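Understanding the architecture of this molecule
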Amino acid sequence: MSCRACASFFRRAASRSSRFLDLKCGNDNCVIFQNGKYKCKKCRLKKCYEAGMDSSKFQNNHDLMSSTTSLQKTSPPQSLANFLGRPEFILCCEPDRGTRIKTRIDVSHLIDKAIQIFEVEPTDYCTPWKFENSLDKLTISVENMKIRREANLEIKKIRFIGVNENMLFWEKTFLSAARWFSEIPEFAELDTCIKLEIVKSAWMVWARLDKIAESVDRHRKKVLESNVFMWTDDMCMDLNDVAIDFKWCTNYTMDQLKAFLEPDVNHHWKDSMEDVMKLEPTKTELNFMLIQLCLNEAGKRNQGQILEITDRLLQIQADNLHEYYTKTMKMPHYSSRLAQLMKVNKRIELDVRERKERNYLSDVFNLYSVEYSHPEMFVAA
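Report on the accompanying structure. Predicted, not measured: the structure shown is a model, and the values here were computed from it.

Some words on the packing of aromatic side chains
According to the stated counting rule, one finds 15 aromatic pairs in the structure shown. With centroids separated by 4.0 Å and ring planes inclined at 15°, the aromatic side chains of Tyr-372 and Phe-378 adopt a geometry described as stacked. Here Phe-378 falls in the buried class, since its relative accessible area comes to 7%. Taken together, the aromatic side chains of Trp-170, Phe-174, Trp-203, Trp-248, Tyr-372 and Phe-378 make up a single cluster linked through ring pairs. When the ring centre of Phe-58 is taken as reference, the NZ or CZ atom of Arg-11 above it lies at 5.1 Å. Sitting over the face of the ring of Phe-9, Arg-44 holds its NZ or CZ atom 4.2 Å from the ring centroid.

Remarks on the pairing of strand β6 (residues 228–232)
The element β6 is extensively covered by neighbouring structure, given that five of its five residues are classed as buried. Counted between consecutive antiparallel strands, the loop separating β6 from strand β7 (residues 235–238) contains two residues.

Concerning the sheet that holds β7
What holds strands together in a sheet is hydrogen bonding between their backbones, with the strands either parallel or antiparallel. The strand order across the open sheet formed by three strands is β4-β7-β6, and the pairing between neighbours is mixed. The sheet terminates laterally at β4 (156–157) and β6, the two strands that pair on one side only. Relative to β7, β4 is paired through two bridges, and the arrangement is parallel. By the bridge assignment for β7, Lys-157 is matched with Cys-236. Along the sheet face, helix α7 (residues 163–182) touches β6 and β7 and points at about 75° away from the line of β6.

Brief notes about the environment of Thr-173
By the element assignment, Thr-173 lies in helix α7. Sequence spacing of Thr-173 and Asp-210 is 37 residues, and the spatial spacing of their C-alpha atoms is 9.9 Å. Excluding residues within four positions of it along the chain, Thr-173 makes contact with Trp-203, Trp-206 and Ala-207.

Overview of the packing of helix α9 (residues 192–220) against helix α12 (residues 283–302)
Close contact between α9 and α12 brings their axes to 8 Å; oriented N to C, the two are set at 145°. Between α9 and α12 lies a crossing whose hand is right-handed. Note on element contacts: α12 touches α9 through Leu-286, Met-289, Leu-290, Leu-293, Cys-294, Leu-295, Glu-297, Ala-298, Arg-301 and Asn-302, opposite Glu-197, Ile-198, Lys-200, Ser-201, Ala-202, Val-205, Trp-206, Leu-209, Asp-210 and Ala-213. A per-class count over the contact of α9 with α12 returns 13 nonpolar, two polar and five charged.

Brief notes about unusual backbone geometry
You will see that Lys-222, though not glycine, has its phi angle at about 65°, which is positive. Within the secondary structure layout, Lys-222 lies in the loop between α9 and β6. Among the residues examined, Lys-222 registers a relative accessible area of 72% and is labelled exposed. Unusually for a residue other than glycine, Glu-280 sits at a positive phi of about 45°. In this fold, Glu-280 is placed in the loop between α11 (265–279) and α12.

Focus on the state of the cysteines
In this structure the tally under the stated criterion is zero disulfides. Of all cysteine sulfurs in the structure, the one in Cys-6 sits closest to Cys-48, which takes part in no disulfide; the separation is 5.6 Å. Given the relative accessible area of 5%, Cys-48 is considered buried.

Digging into a nonpolar patch on the surface
A contiguous nonpolar surface patch, about 430 Å² in accessible area, is contributed by Tyr-360, Leu-361, Val-364 and Phe-365. For Phe-365, the location among the structural elements is in the loop between α14 (335–364) and β9 (370–372).

Some words on the pairing of β7
Judged by which residues are buried, β7 turns out to be covered on both faces: Met-235 and Met-237 on one side and Cys-236 and Asp-238 on the other are all buried. Of the pairings in the sheet, the one linking β6 to β7 comprises four bridges and is antiparallel in character. Across the sheet, Met-230 pairs through a bridge with Cys-236, a residue of β7.

Let's talk about the nonpolar core
Core analysis: the largest hydrophobic core is formed by 79 residues, its most contacted members being Trp-170, Phe-174, Trp-180, Phe-181, Ile-198 and Trp-203. Per element, the largest residue contribution to this core is 14 residues, and it comes from α9. In this structure, Phe-9, Phe-10, Leu-45 and Cys-48 belong to the second largest nonpolar core, which totals six residues.

Things to note about the side chain of Glu-214
Position of Glu-214 relative to the elements: it lies in helix α9. Setting aside chain neighbours within four positions, we find Glu-214 in contact with Arg-149, Met-230 and Asp-233.

Conventions we followed
Residues numbered from 1 in each chain as written. Predicted model: local features only at pLDDT ≥ 70, side-chain atom pairs only at ≥ 80, totals over all residues. Heavy atoms only, no water. Phe/Tyr/Trp six-rings, centres within 6.5 Å; stacked < 30°, edge-to-face > 60°. Buried < 20%, exposed > 50% of the residue type's maximum accessible area, 1.4 Å probe, protein only. Lys NZ or Arg CZ within 6 Å of the ring centre and 35° of its normal. Helix = DSSP H or I, 4+ residues; strand = E, 2+ residues; numbered from the N terminus. Pairing = 2+ DSSP bridges. Contact = heavy atoms within 4.5 Å. Axes fitted to C-alpha atoms, helices over the stretch in contact; angles between N-to-C directions. Left-handed = near helix turned anticlockwise from the far one by under 90°. Nonpolar A, V, L, I, M, F, W, Y, C, P; charged D, E, K, R; others polar. Disulfide = S-S within 2.5 Å. Patch = residues over 30% accessible without salt bridge, like charges linked within 9 Å, V, L, I, M, F, W, Y side chains within 5 Å. Areas by Shrake-Rupley, 256 points an atom, 1.4 Å probe, with all protein chains shown as cover. Salt bridge = Lys/Arg side-chain N within 4 Å of Asp/Glu carboxyl O. Core = buried A, V, L, I, M, F, W, Y, C linked by side-chain atoms within 4.5 Å.

All quantities given are derived from atomic positions and should not be read as evidence of function.
Take a look at the structure:
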């Protein structure tokens, strides 16, 4: 095993070793790398041989990807699917499609609307309900909000997703997450700046679990077909029957980005939905799952003071869940049940990590032609 630099040096040097061996060296045992430079080529080649490098193992039968001797600039073939079998590999061949000049998308209006939500006194949906603790209050409040929202709700199936649809998704989802958080009594007592940092960090993971749970509920009620998923509160989509337009955010084509950006339906949605379908979490359990998923993500992302706050809030809700299991459900031994619920969250967290890695690669290779006024909101997008 060697670094790429030494491998390249050995291939060059060993091919014309007589030239390098004729070089003279006063020490015959030089320090190879010093002050950022390789000092003595003869000693470097000698060390390569001593390390076990073998010029007889050179692979000379590989097709050349490019030729420095050719004066004619070649272009990628028209059918990369036939040439490579994986058309997304063209990202390595067409760096000129990457862009360093980006269109800025301002989402500060979403921040302003979230602040307005935080500053308005939460509607007391619990009256005249009696609740045991803040988790119980959250569950009753969210359920009553849902009933009021769905009174005249008409779910539309979306068949095209472009820039306008994405912006509509961001607004509806971010503000829905802000409203949900504002119903947690302990969250409502925090400073506005702390509230914003938590919601900006967690709204995407909140949306994942919330929409999975909604989709499962509507599948169980036969409102949606099995291959249709909720996208926002009033829109659903069939991932096999929706056109996605990336032209607004990248210079690459759909064929080049499809495998990189489009989700694996089985891996990202169906597996989690099957788990939720089997477990049939109660409303209280589901709200705790959302709390655990969101606060864990916000704490890990921000660290410091926010991590201390999210840990404290999570401990309060864990105690509330214990009270729910032992007093309401009469289930003193609930560790196995809780472990199954947390397995769903772990699956979503794994997907979030994969999305973060892809977004990091997208930044490295300038995949996108847009940037956001608040990029921390889209780390897991």
